[in-house]
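Tertiary structure, described
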Amino acid sequence: KMTYYFHFDPRAKSQNGESVTAFDYVATWDLYTSDGIRDPFSQEFWRKYERPEALSKEILKIKSKSNEWNKFLYCAQSFSILPENVIGRITPEQYMKNYHDKMMYGSGPYIFESAKTNEYISLKRNPDWWGYQDVSSQGVYNFDKVPDP
């Protein structure tokens, strides 16, 4: 087994202003692997890891059930973290009914604005995004609106 440790940037905030924490990650993992979510791909995929452990608000420990280094990439980049203060209070069935087909607020540089099925998704720049000052963000996220008419 391989063990990964993640440090959550204390500046990371959701669009509602709350911190993004290791507890959010664990709550999201619990949701994605729950039988009530009715998503066999997600359940099977994320069960390749042991249940993550929030060692603190900012430190997360994840153990892969195999010795494949690429598992690190999946849990670091392919995992959409949802807010524990929302999903931690509802059942997987309630999530499927109330949130599965809706855009939940996130912590990224863009905010969902509108969509029309099979035609477009419109995003607008999040002026309060915590990551604009990072060196890795320089020269990216330059559009005020996506698509930019």
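Residues numbered from 1 in each chain as written. Predicted model: local features only at pLDDT ≥ 70, side-chain atom pairs only at ≥ 80, totals over all residues. Heavy atoms only, no water.

1. Digging into a nonpolar patch on the surface
Taken together, the side chains of Met103, Phe112 and Ile121 define a hydrophobic patch exposed on the protein surface, amounting to about 310 Å² of accessible area. When you line up the elements, Phe112 lands in strand β4 (residues 110-116). (Patch = residues over 30% accessible without salt bridge, like charges linked within 9 Å, V, L, I, M, F, W, Y side chains within 5 Å. Areas by Shrake-Rupley, 256 points an atom, 1.4 Å probe, with all protein chains shown as cover. Salt bridge = Lys/Arg side-chain N within 4 Å of Asp/Glu carboxyl O. Helix = DSSP H or I, 4+ residues; strand = E, 2+ residues; numbered from the N terminus.)

2. Points about the packing of aromatic side chains
Here a ring pair, both rings aromatic, is described through the centre-centre distance and the interplanar angle of the planes. Summed over all chains, the structure comprises 14 aromatic pairs. Where Phe6 meets Phe72, the ring centres are 5.4 Å apart and the plane angle is 5°; that geometry is what we call stacked. Note that Phe6 is positioned in strand β1 (residues 2-7) and Phe72 in helix α3 (residues 70-77), a separation of 66 residues in sequence. Residue Phe72 is classed as partly exposed on the basis of its relative accessible area of 38%. On the numbers, 6.3 Å between centres and 20° between planes, the contact of Tyr95 with Tyr99 is stacked. Given the relative accessible area of 29%, Tyr99 is considered partly exposed. In this structure an aromatic cluster arises from ring pairing among Tyr25, Tyr32, Phe41, Phe45, Trp46, Tyr49, Tyr74 and Phe79. (Phe/Tyr/Trp six-rings, centres within 6.5 Å; stacked < 30°, edge-to-face > 60°. Buried < 20%, exposed > 50% of the residue type's maximum accessible area, 1.4 Å probe, protein only.)

3. A short note on the nonpolar core
Looking at soluble globular proteins, one finds that nonpolar side chains tend to be buried together. Trp46, Leu60, Ile62, Cys75 and Tyr95 are the most contacted members of the largest nonpolar core, which totals 26 residues. Ranked by residues supplied to this core, first place goes to helix α1 (residues 22-33) with 7 residues. Filtering out sequence-adjacent residues up to four positions away, Leu60 remains in contact with Tyr4, Tyr5, Phe6, Phe8, Ala22, Tyr25, Val26, Pro52, Glu53 and Ala54. (Core = buried A, V, L, I, M, F, W, Y, C linked by side-chain atoms within 4.5 Å. Contact = heavy atoms within 4.5 Å.)

4. Observations regarding α1
Compared with the 16 Å implied by 1.5 Å per residue over 12 residues, the 17 Å span of α1 between its first and last C-alpha is a close match. All of the buried residues along α1 are Ala22, Asp24, Tyr25, Val26, Ala27, Thr28, Trp29, Leu31, Tyr32 and Thr33. Where α1 is buried, its residues touch α2 (40-46), β2 (53-54), β3 (59-64), α3, α4 (84-87) and α5 (92-98). Backbone nitrogen of Phe23 and a side-chain oxygen of the N-cap are separated by 3.2 Å at the start of α1; the cap is Thr21. (Expected span 1.5 Å × (residues − 1). Polar contact = N/O pair within 3.5 Å; in protein donor to acceptor, adjacent residues only side chain to side chain.)

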